[in-house]
Protein chains: 2
Amino acid sequence: MILVSDNLQITNSTIEQAVNRMNPEPVQEMVKKCVKAGAEAIDINSGPLSRDPEKKMAFLVEAVQAVTNLPLLLDTTNPKALEAGLAVSRNTTIINGFSLEPVKLAHILPLAKKYDTDIIGYLLYPNSHVPPDEAERLGVAVELFSAFQKTGLENERLIIDPIIAPVMWDNGTLQDMEILSVLRNLPDLLGFPVRTIAGISNLTTGQGPTKKKRLLEQSYLPMLAAAGLSMALLNVFHTETVLTARACRALTDTKIFTWENV
Amino acid sequence: MILVSDNLQITNSTIEQAVNRMNPEPVQEMVKKCVKAGAEAIDINSGPLSRDPEKKMAFLVEAVQAVTNLPLLLDTTNPKALEAGLAVSRNTTIINGFSLEPVKLAHILPLAKKYDTDIIGYLLYPNSHVPPDEAERLGVAVELFSAFQKTGLENERLIIDPIIAPVMWDNGTLQDMEILSVLRNLPDLLGFPVRTIAGISNLTTGQGPTKKKRLLEQSYLPMLAAAGLSMALLNVFHTETVLTARACRALTDTKIFTWENV
């Protein structure tokens, strides 16, 4: 399980200001902190970037790759911003991501082929709603894979995000338990060793006491790890969660156990 | 997932002295602390009790049930001690436990029928060795269930302990991952909603840094919870592990999520 930092977000006002002023330093400080905290890949969540999308995403990618060789996830719904980022990226790059939404199939998915990158597919309906149960998630996975295959990319380029349900949703925890089964069943269903990613912070979206949110995060992450999750997108400044993730890796990896790996 | 304290052990010198002097107070202090820390059942691990087994186990059970109505697990390999405990127990009682070892089949298992109690069956070979993989564990489960059925007790009286492998064993972590699959498969294999129990401290038996041991415990417990573990036998004084267990319960329970349950 690879740890992907979700910390570099345009919703962070320091990052937003840095982007608006094209000042790479705050972005680079953030990335260095993420790496120090245990990030093994960096999600660049630029938001939709309604003004100067190309310039801003290119700036972000350049700023980040000046300080790290880690893989980058380009996280935007704006195809123009995405393509500008892909065009300048020298690190391993993953598009984050597409879904069955027609505009994403038309304008995001083809960029994976054009730039020969991995791409994350979300298990969402074409209208971006979250499927309510395991059967529906698996059904969407089949449709998503079918759309993906039309690009001609190798199957292994597809990474699936089952979309963690917030626990505060009516049947959120039930969905989150079903997601574990989705993760276990995807390889058999699609016929190849499907990589998967999940955004851990989704679990505790909304109001709630911080300490309990962290506890839920630290409790759900091992469940995901045991179900075979390939990449965890998380706030790497949540130290206990990162330590838990490492302990999970020591348990789930096929390597010989050593305390150094915990 | 019910939390069973493993704290009341004859290997604890305070408890050993209390038993030798037939002084209930230190035993009761320990039990009260366990209840306060979150224990929902109390394992009374008396050891084999080579001298005065009946008297000592009866003393322990009487001492404990004087301060709690929680279910008791009578944890001894000595059939005489076990029977003496069963004879005086007024709380819900679970025998912990039997295996395919001939002496246990002959002298422990029949006591479950005689006293109409739940009984824990260990997935161990007749020579008490640990089966090396999932297929062998499931094979032992079938044999154990078959032996259990001969008592005429209801299936639901059987609780299975898959025997967690210490991570320091050559293939310990691999076995521990397979145990998750064992837990998931037991109900289908045996044809009823099999309850299960696991001794969490087994995971980190042996030398190792305490903080990392706790991290492993906190990481493996959610995996067990997601696999459907019914009862976790653990040191309830490991506060973070108990908090993790509660968070797991909030995630895995079918109840509507509330922060109060975390």
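Residues numbered from 1 in each chain as written. Chains lettered and ligands numbered in written order. Predicted model: local features only at pLDDT ≥ 70, side-chain atom pairs only at ≥ 80, totals over all residues. Heavy atoms only, no water.

A. The sheet that holds strand S7 (residues 195-199) of chain A, seen in detail. Residues and elements named next belong to chain A. Strands sit in the order S1-S2-S3-S4-S5-S6-S7-S8 around a closed barrel of 8 strands; the barrel is parallel. The sheet shows a mean angle of 25° between the axes of neighbouring strands, direction not considered. Bridge count for strand S1 (residues 2-5) against strand S8 (residues 231-234) is 4 bridges, and the pairing is parallel. Pairing of Ser 5 across the sheet is with Leu 234, part of S8. (Pairing = 2+ DSSP bridges. Helix = DSSP H or I, 4+ residues; strand = E, 2+ residues; numbered from the N terminus. Axes fitted to C-alpha atoms, helices over the stretch in contact; angles between N-to-C directions.)

B. Representation of helix H7 (residues 134-149) of chain A. Residues and elements named next belong to chain A. Here H7 is 16 residues long and its end C-alpha atoms lie 22 Å apart, about the 22 Å a rise of 1.5 Å per residue gives. By the burial criterion, the buried members of H7 are Glu 134, Arg 137, Leu 138, Val 140, Ala 141, Leu 144, Phe 145, Ala 147 and Phe 148. Buried positions along H7 lie against strand S4 (93-98), helix H5 (102-107), helix H6 (109-115), strand S5 (118-122), strand S6 (158-161) and helix H8 (172-190). For H7, the side-chain oxygen to backbone nitrogen distance between the N-cap and Ala 135 is 3.4 Å, and the N-cap itself is Asp 133. (Expected span 1.5 Å × (residues − 1). Buried < 20%, exposed > 50% of the residue type's maximum accessible area, 1.4 Å probe, protein only. Contact = heavy atoms within 4.5 Å. Polar contact = N/O pair within 3.5 Å; in protein donor to acceptor, adjacent residues only side chain to side chain.)

C. Summary view of the sheet that holds strand S1 (residues 2-5) of chain B. All names here are of chain B. The parallel closed barrel is built from 8 strands, whose spatial order is S1-S2-S3-S4-S5-S6-S7-S8. Taking the axes of each pair of neighbouring strands and ignoring which way they run, one obtains an average angle of 25° across the sheet. This element, helix H3 (residues 53-65), spans strand S2 (41-45) and strand S3 (72-75) of the sheet and lies at about 160° to S3.

D. Broad picture of the interface of chain B and chain A. With 37 residues of chain B in contact, the opposing surface of chain A contributes 37 residues. Approximately 3100 Å² of surface area, both sides summed, lies buried where chain B meets chain A, with 74% of it carried by carbon and sulfur atoms. Remark: the boundary between chain B and chain A carries 0 salt bridges. Remark: the boundary between chain B and chain A carries 6 residue pairs in polar contact (both at pLDDT 80 or more). (Buried area = accessible area lost by both parts, 1.4 Å probe. Salt bridge = Lys/Arg side-chain N within 4 Å of Asp/Glu carboxyl O.)

E. Seen up close, the relation of the copies chain B and chain A. With an RMSD of 0.0 Å, chain B superimposes on chain A once it is rotated by 180° and translated 0.0 Å along the axis. Such a turn and shift between the copies fits a two-fold axis. Every residue of chain B has its C-alpha some distance from the rotation axis, and the shortest such distance is that of Met223(B), at 2.4 Å. A share of 100% of the interface residues of chain B reappears at the interface of chain A, consistent with the copies meeting face to face through the same patch. (Least-squares fit on C-alpha atoms with pLDDT ≥ 70 in both.)

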